[in-house]
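So you can see what is in the structure, the chains are spelled out below.
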Amino acid sequence: MHLKLVQVGDPVLRERARELSASEIRSEEIQRLIALMQETLRDAPGVGLAAPQVGESIQLAIIEDLPDYSRNLTAEQIAERERKPVPFHVIINPKLTPAGKADVEFFEGCLSLTGYTALVPRYRRVRVECLDEKAQPKVIEASGWYARILQHEIDHLNGMLYIDRMHSRSFMSLENFTRQWKDTSTAAIKQKLGL
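We now turn to the structure provided with this report. (Residues numbered from 1 in each chain as written. Predicted model: local features only at pLDDT ≥ 70, side-chain atom pairs only at ≥ 80, totals over all residues. Heavy atoms only, no water.)

### Side note on the pairing of strand S6 (residues 125-131)
- Judged by which residues are buried, S6 turns out to be one-sided: Val126, Val128 and Cys130 face inward and are buried, whereas Arg125, Arg127, Glu129 and Leu131, on the alternate face, are not.
- Pairing between strand S3 (residues 86-99) and S6: six bridges, direction antiparallel. Counterpart to Pro98 in the pairing with S6 is Val126.
- In this sheet, strand S7 (residues 137-143) lies alongside S6 in antiparallel orientation, the contact comprising seven bridges. Counterpart to Val126 in the pairing with S7 is Ala142.
- Taken together, S6 and the strand that follows it, S7, pair antiparallel across an intervening segment of five residues, in which Ala135 is found at a positive phi of about 70°. (Buried < 20%, exposed > 50% of the residue type's maximum accessible area, 1.4 Å probe, protein only. Helix = DSSP H or I, 4+ residues; strand = E, 2+ residues; numbered from the N terminus. Pairing = 2+ DSSP bridges.)

### Quick notes on the packing of aromatic side chains
- Under the definition given, this model contains three aromatic pairs.
- A ring pair is formed by Phe107 and Phe177, whose centres lie 4.7 Å apart and whose planes are at 45°; its orientation type is tilted. Taken together, the residues span a long stretch of sequence, with Phe107 in strand S4 (residues 104-108) and Phe177 in helix H5 (residues 174-181) at a distance of 70 residues.
- Look at Phe107 and you get buried, because its relative accessible area is 11%.
- A residue is classified by how much of its surface remains accessible, and Phe177, at 15% relative accessible area, is buried.
- Between Tyr116 and Phe171, the aromatic rings sit 5.1 Å apart at their centres with planes inclined by 10°, giving stacked as the arrangement. (Phe/Tyr/Trp six-rings, centres within 6.5 Å; stacked < 30°, edge-to-face > 60°.)

### Examining the nonpolar core
- In this structure, Met37, Leu60 and Ile62 are the most contacted members of the largest nonpolar core, which totals 19 residues.
- Listed by contribution, the elements that provide at least two residues to this core are helix H2 (28-43), strand S2 (60-65) and S3.
- Among the elements that make up this core, the one with the highest residue count is H2 (six residues).
- Beyond its immediate sequence surroundings of up to four residues, Ile62 is in contact with Ile34, Met37, Gln38, Leu41, Val47, Gly48, Leu49, Phe88, His89, Val90 and Glu153.
- Listed in part, the 18 residues of the second largest apolar core include Ile63, Val126, Val128 and Trp145. (Core = buried A, V, L, I, M, F, W, Y, C linked by side-chain atoms within 4.5 Å. Contact = heavy atoms within 4.5 Å.)

### What to know about the sheet that holds strand S1 (residues 48-50)
- Pairing is antiparallel in the open sheet, where five strands are placed in the order S1-S2-S3-S6-S7. Unpaired on one side and paired on the other, S1 and S7 mark the two borders of the sheet. The mean angle between the axes of side-by-side strands here comes to 40°, regardless of whether they run parallel or antiparallel.
- Against the sheet, H2 contacts S1, S2 and S3, and its axis sits at roughly 40° relative to S2.
- Lying over the sheet, helix H4 (residues 144-157) contacts S1, S2, S3, S6 and S7, oriented at roughly 155° with respect to S2. (Axes fitted to C-alpha atoms, helices over the stretch in contact; angles between N-to-C directions.)

### What to know about the pattern of salt bridges
- Scanning all chains against the criterion turns up 17 salt bridges.
- Across the pair Arg83 and Asp65 runs a salt bridge, and its minimum N-O distance is 2.8 Å. Here Arg83 is found in the loop between helix H3 (75-81) and S3, whereas its partner Asp65 is found in strand S2, with 18 residues between them in sequence.
- Under the relative-accessibility criterion, Asp65 is labelled buried at 2%.
- For the salt bridge of Lys182 with Asp183, the shortest nitrogen-to-oxygen distance reads 3.8 Å.
- Among the residues examined, Asp183 registers a relative accessible area of 64% and is labelled exposed.
- Residues joined by salt bridges that share partners form a network here, namely Glu108, Arg122, Arg148, Asp155 and Arg165. (Salt bridge = Lys/Arg side-chain N within 4 Å of Asp/Glu carboxyl O.)

### A word on the sheet that holds strand S5 (residues 116-122)
- In spatial order, the strands read S4-S5-S8; together these three strands make up an open sheet with antiparallel pairing. Here the strands that pair on one side only, and so sit at the sheet edges, are S4 and strand S8 (172-173).
- On the sheet, H4 packs against S4 and S5 and is oriented at approximately 65° with respect to S4.

Next comes the structure, spelled out in structure tokens:
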């Protein structure tokens with residue numbers, strides 16, 4: 001069974017989600033939600049999914065960047081994005097601490113904004129303190145694409161979407177991005193778009 005993905009315009013995507021208690025995290029209901037979210041994420045496919053995207057206003061997100069998801073990227077594109085596979089994991093009640101400036105820019109999409117993408121500045125390195133699916137504390141030190149995924153998903157838990165951070169001139173349909181920009185460097189795209 002797959003969960004319905006909430007699309008932009010639904011109020012749940014603009015709320016700050018509530019934190020979960022340890023007993024709630026360990027409950028059968030939340031454990032079932034995590035399993036259904038994982039199925040939904042893999043079916044989409046995507047690299048992250050926050051509970052508000054399936055209509056649940058709680059501080060819970062899942063992340064998984066499978067090796068297969070990078071198969072259409074060149075070795076140079078993978079290196080530029082600092083993209084490595086990330087195994088499935090859950091983050092609950094996360095607190096994000098960025099390092100440096102939000103000066104790494106790449107195109108992002110979102111399962112709640114189907115069919116679009118835009119250039120979004122993010123921090124290259126972040127630290128996230130959170131709980132896992134067993135309500136155990138954990139600390140994640142991430143860089144590159146993994147740091148971008150964490151920032152994107154944690155934004156969802158705070159009622160933000162990538163369109164709130166994007167370079168608005170770069171907003172486009174995925175179809176146009178694929179047809180016209182897919183193999184163009186970020187620097188060249190920024191120059192052509194006057195960014």
